[in-house]
Amino acid sequence: MNKIKITFPDGNIREYEHGINAYDIAKSIAEGLAKRVLLAEVNNKVVDATKPIHEDASLKLLTWDDREGKAGFWHSSAHLMAEALEALYPGIKFGYGPSVENGFYYDVDPGDRKIGDEDLRKVEVTMAELASKNSSYIRKEVSKAEALKFFSEKGDEYKIETINELSDGEISFYQQGNFTDLCKGPHIPATGLIKAIKLTSIAGAYWKGNDKNKQLTRIYGISFPRQKDLDEYLRMLEDAKKRDHRKIGKEMGIFTFDDDVGPGLPLWMPNGAVIIEQLEALAKKTEEKAGYSRVKTPHIAKESLYLKSAHLPYYEDSMYPPMDIEGVKYYLKAMNCPHHHKIFDAVPRSYKDLPLRLAEYGMCYRYEQSGELFGLMRVRSLNMNDAHIYCTEEQFGEEFKAVNDMYLHYFKIFNVEKYVMRFSTHDPQKLGQKYLDMPDLWKKTEDMVRRVMTEANIPFVEVKDEAAFYGPKIDVQIWSIIGREFTLATNQVDFGQPRRFNLHFKNKNNEDEMPLVIHRAPLGTHERFIGFLIEHYAGNFPVWLAPRQVTILPIADRHTGYAMKIFAELKDQEIRVELDTTSEKIGKKIRTAEMMKIPYMLIIGDKEQEEEKVAVRRHGEGDKGQVPVREFINKVVSESSIP
RNA sequence: GCCAAUGUAGCUCAGUCGGUAGAGCACAUCCAUGGUAAGGAUGGGGUCGCCAGUUCGAUUCUGGCCAUUGGCUCCA
């Protein structure tokens, strides 16, 4: 029998019997290793560890430490859950059951039965029992006819629909225990590897993600090869909850919601208003330097404006219903663009005016579906860091790049590192429906954007069919602490609205020419950006942003006079300072200030009073010793300046 | 909007198998004047999310609505 050569990642080559599998290879190296093997990467293809290898190959053994290993583990867990569900709910039908970033889910149709949170515990127990049987996941190639026969007899129309979309020859089943599923795999060797299981939540999910289809029951779960991994994961979730902007926002008095005001309409409390004003100061300073002009526009406008902009036919569902004023419909604005276009159009423009950059922190109102609202991240009243740049085609590249540079400038200030730049392009199939039917301009602008990003060496991912109806865009995607994805900032090209508004300028030859428009919002909206910042900093804002910068903590009543004197001096320098005159012990005052995450605490006692000093304590860091009052003021003032 | 769950004091949460409720923190007053994360005592505070229904009686049971939470869909 001829042998085959297996090349390992470290370059080592070993010879094995023809038809050996990755699991047995691992076993030949060490029993302990074999126990950890989940999948194998054979010639750069991820397959079952139990799949026989018939030729010389490179091999990487995949374990829990590999991303693919985890994915296979969770996907196999989804099958295990399906087995348990079928045992508990005979006749239950199955949709899709993939792994996700943190765990897995399976979409099921339990018929007339309802599955609630309490039922999940039963399912968990059944899963654990089935896992302990250590059944192997067995792959079987089947013909399309066989596959259809199997699921027709079983009566699972979702699987039949899926099979009908597949071609003969690429269909496989996986079986473990009494459960057989349509699946291309790969899977882990056996159920016994799954040692810890937690079914986390239950949700409705439309079949194939289309809200016209039937809604299935989606059960989410996560599993681990060791109990302690699950414990650690649950602990991590608890920690994440502590950073949640909704929790910290309440504790720090940043924002609130009220039933009488309405869902999705945040009320900014004094501490939140400070953050807003600091962000606006930053934006104004940055935009001033970058040659922007500021404008102000009303919160409502007549129907005709949004008919002209084409927003109304596209987005009426997302706008608050109109109010009727003397027979004319007025809408709350859902976007600032049309107003800015009107300002561009208010006077004749020359090429000498371009690029014209109109900026506004504009309040918009969007009637988001009730189920989509989420703390500050998804609201119905939003204050956008908006601006529209009107430029010629020649100027476009430079302007677009300048906007991206502005993003990066901000991200550096805020130390934002975990984000993805998403380049959203159109789908040529949908021209005239979802997208303006101007193929040449789509190609031209998308090429321009791609070139700008590539030349600036900014990493991005390109996603088809995500563009705005009027042009391609770059979105900055971020994640909330509980893992939801949001667009934090956006930079969009618009070749549609200039046409609809008939915007033009005189070029050098005294001819009318149409500008391109860039929509941009590097700081997104106050709502989402502050929600993001709260979680990003866990409430520990840098001094310039902190709603309250300094709190003065006198030790005894006899120090109040000196404390008030310092208080006045700090106030005089526009430092956001408080004075704690409650009759509590110093330990209690410190605890309160620490919990409010105030950057600086000044402890004032006999020693400080005599020496005209303050004892400085930094939030989260502890006692910093005594410094002269003047020195402290200078330090805070310099840390307070807008970056 | 759809699926699942939740809603008790300002906050975090107990509790009532139907007889209108309790703790800690916070707040107020008093005592204590204390040196780097909770000093002590006393006290005020709730139409038990809202509206109906069943009942002698509903915070508790039933229904509807509202809001929030986890998802789905959506996201200019």
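See the structure printed just above.
Chemist: Before we go on, may I ask you to explain the overall build of chain A in this structure?
Modeler: Looking only at helices and strands, chain A features 20 helices and 34 strands. Principal axes of the C-alpha set define a box for chain A whose edges measure 90 × 75 × 55 Å. A burial count over chain A gives 49% of its 643 residues as buried. The contacts of chain A with a sequence gap of at least 6 include a subset with a gap of at least 24, amounting to 68%.

Chemist: Explain the packing of helix α9 (residues 270-289) against helix α13 (residues 393-414) to me, please; I cannot follow it from the model alone.
Modeler: In a pair of packed helices, the angle between the axes and the distance between the axes together describe the arrangement. Between α9 and α13, the least distance of the axes is 12 Å, while the angle of their chain directions is 140°. When the axes of α9 and α13 are compared, the pair comes out oblique. Along this stretch, α9 crosses α13, giving a crossing that reads as right-handed. Listed contacts from α13 to Leu279, Leu282, Ala283, Thr286 and Glu287 of α9 are Met406, His409, Tyr410, Ile413 and Phe414.

Chemist: Is there a simple way to explain the protein's contact with RNA strand B in this structure?
Modeler: Lining the immediate surroundings of RNA strand B are 56 residues, of which Gln215, Ser318, Glu372, Ile555 and Asp557 lie closest. Each atom of RNA strand B within 4 Å of the protein belongs either to a base or to sugar and phosphate, the latter forming 48%. At 3.2 Å, a side-chain N or O of Arg378 approaches a base oxygen of RNA strand B. Gln492 has a polar side-chain atom sitting 3.2 Å from a sugar or linking oxygen of RNA strand B. Elements supplying a minimum of two residues to the surface near RNA strand B: β12 (196-206), β13 (215-224), α8 (245-251), α18 (586-595), α19 (606-611) and β33 (613-618). Class assignment for the residues of the surface near RNA strand B results in 19 nonpolar, 13 polar and 24 charged.

Chemist: Just to check I follow, could you spell out the sheet that holds strand β18 (residues 323-325) for this structure?
Modeler: Think of a sheet as strands paired side by side through backbone hydrogen bonds, with each pair either parallel or antiparallel. In space, the three strands of this open sheet follow the order β17-β19-β18, with antiparallel pairing throughout. On the outer flanks of this sheet lie β17 (300-302) and β18, each paired with one strand and no other. With direction set aside, neighbouring strand axes in the sheet form an average angle of 40°. Taken together, the three bridges between β18 and strand β19 (residues 328-332) define a ladder with antiparallel strand orientation. Looking at β19, one finds that Met323 is bridged to Tyr330.

Chemist: Would you take a moment to explain the state of the cysteines for this structure?
Modeler: Put plainly, a disulfide is one covalent bond tying together the sulfur atoms of two cysteines. In this structure the tally under the stated criterion is zero disulfides. Left without a disulfide partner, Cys364 is nearest to the cysteine sulfur of Cys337, which lies 7.9 Å away. The buried category is assigned to Cys364, whose relative accessible area is 0%.

Chemist: I'm lost on the sheet that holds strand β34 (residues 622-628) in this one. Help?
Modeler: Spatially, five strands are ordered β31-β30-β32-β33-β34 in an open sheet, and the strand pairing comes out mixed. Because the sheet does not close on itself, it has two edges, and the strands there are β31 (577-579) and β34. Strand after strand, the sheet turns through a mean of 25° between neighbouring axes, direction not considered. Judged from the five bridges that link them, strand β30 (residues 550-554) and strand β32 (residues 600-604) form a sheet pairing that is parallel. By the bridge assignment for β32, Pro554 is matched with Ile604. Contacts between helix α20 (residues 629-640) and the sheet are confined to β30, β32, β33 and β34, with β34 contributing the most and set at about 115° to the helix.

Chemist: Help me out: how do you make sense of the packing of aromatic side chains in this one?
Modeler: We describe a pair of aromatic rings using the distance from one ring centre to the other and the angle between the two ring planes. Applying the stated criterion to the full structure yields 31 aromatic pairs. Between Phe469 and Tyr470, the ring centres sit 5.0 Å apart and the planes meet at 65°, which makes this aromatic pair edge-to-face. Put simply, the rings of Trp64, Phe73, Trp74, Phe224 and Tyr233 pair up and form one aromatic cluster. Directly above the ring of Tyr367 sits Arg380, whose terminal nitrogen or CZ lies 4.5 Å from the centroid. In this structure, Arg618 packs its charged tip against the face of Tyr600, placed 4.7 Å from the ring centre.

Chemist: Would you explain the environment of Asp405 in this entry?
Modeler: Here Asp405 is to be found in helix α13. Here the alpha-carbon distance between Asp405 and Ile633, two residues 228 residues apart in the chain, equals 34 Å.

Chemist: Sorry if this is basic, but what is going on with the pattern of salt bridges here?
Modeler: Opposite charge on two side chains allows them to pair when their charged atoms are near. A complete count under the given rule lists 45 salt bridges for this structure. The shortest N-O distance in the salt bridge between Glu251 and Lys247 comes to 2.9 Å. One end of the pair, Glu251, and the other, Lys247, are both in helix α8, four residues apart, so they sit about a helical turn from each other. The class of Glu251 is partly exposed, set by a relative accessible area of 43%. We classify Lys247 as partly exposed; its relative accessible area is 37%.

Chemist: So what exactly am I meant to see when it comes to the environment of Tyr106 here?
Modeler: Relative to the assigned elements, Tyr106 resides in strand β8 (residues 103-109). A sequence separation of 451 residues divides Tyr106 from Asp557, and the C-alpha atoms of the two residues are 64 Å apart. The residues contacting Tyr106, other than those within four sequence positions of it, are Ala78, Met81, Ala82, Phe94, Gly95, Tyr96, Gly97, Lys159, Asp181, Thr217, Arg218 and Ile219. Engagement of the side chain of Tyr106 in a polar contact is seen with the side chain of Lys159, the distance being 3.0 Å. Looking at Tyr106, its side chain comes within polar contact range of the side chain of Asp181, at 2.4 Å.

Chemist: Explain helix α7 (residues 227-243) to me, please; I cannot follow it from the model alone.
Modeler: For the α-helix, the turn length of 3.6 residues means that residues three or four positions removed from each other point alike. Its 17 residues place the ends of α7 25 Å apart at the C-alpha level, agreeing with the 24 Å of an ideal helix rising 1.5 Å per residue. Looking at α7, one finds that the buried residues are Asp229, Leu230, Tyr233 and Ala240. On an axial view of α7, the arc spanned by its buried residues comes to 100°, and they lie on one face. Across α7 from its buried face, at more than 90 degrees, point the exposed residues Lys228, Arg235 and Lys242. Buried residues along α7 sit in contact with β12 and β13.

Chemist: Would you take a moment to explain the pairing of strand β3 (residues 39-42) for this structure?
Modeler: Each regular strand shows side chains that alternate between the opposite faces of the sheet. Because side chains alternate across β3, one face comprises the buried residues Leu39 and Glu41, and the other comprises Ala40 and Val42, equally buried. Here β3 pairs with strand β4 (residues 45-48) via four bridges, running antiparallel. Note on β4: the bridge partner recorded for Val42 is Lys45. Two successive antiparallel strands, β3 and β4, enclose a turn made up of two residues, where Asn43 displays a positive phi of approximately 50°. Sheet topology places β3 next to strand β5 (residues 57-62); four bridges connect them, and they run antiparallel.

Calculation criteria
- Residues numbered from 1 in each chain as written.
- Chains lettered and ligands numbered in written order.
- Predicted model: local features only at pLDDT ≥ 70, side-chain atom pairs only at ≥ 80, totals over all residues.
- Heavy atoms only, no water.
- Helix = DSSP H or I, 4+ residues; strand = E, 2+ residues; numbered from the N terminus.
- Buried < 20%, exposed > 50% of the residue type's maximum accessible area, 1.4 Å probe, protein only.
- Contact = heavy atoms within 4.5 Å.
- Axes fitted to C-alpha atoms, helices over the stretch in contact; angles between N-to-C directions.
- Parallel < 35°, antiparallel > 145°, perpendicular 65-115°, else oblique.
- Left-handed = near helix turned anticlockwise from the far one by under 90°.
- Near = heavy atom within 4 Å.
- Polar contact = N/O pair within 3.5 Å; in protein donor to acceptor, adjacent residues only side chain to side chain.
- Nonpolar A, V, L, I, M, F, W, Y, C, P; charged D, E, K, R; others polar.
- Pairing = 2+ DSSP bridges.
- Disulfide = S-S within 2.5 Å.
- Phe/Tyr/Trp six-rings, centres within 6.5 Å; stacked < 30°, edge-to-face > 60°.
- Lys NZ or Arg CZ within 6 Å of the ring centre and 35° of its normal.
- Salt bridge = Lys/Arg side-chain N within 4 Å of Asp/Glu carboxyl O.
- Expected span 1.5 Å × (residues − 1).
- Arc of directions from axis to C-beta.

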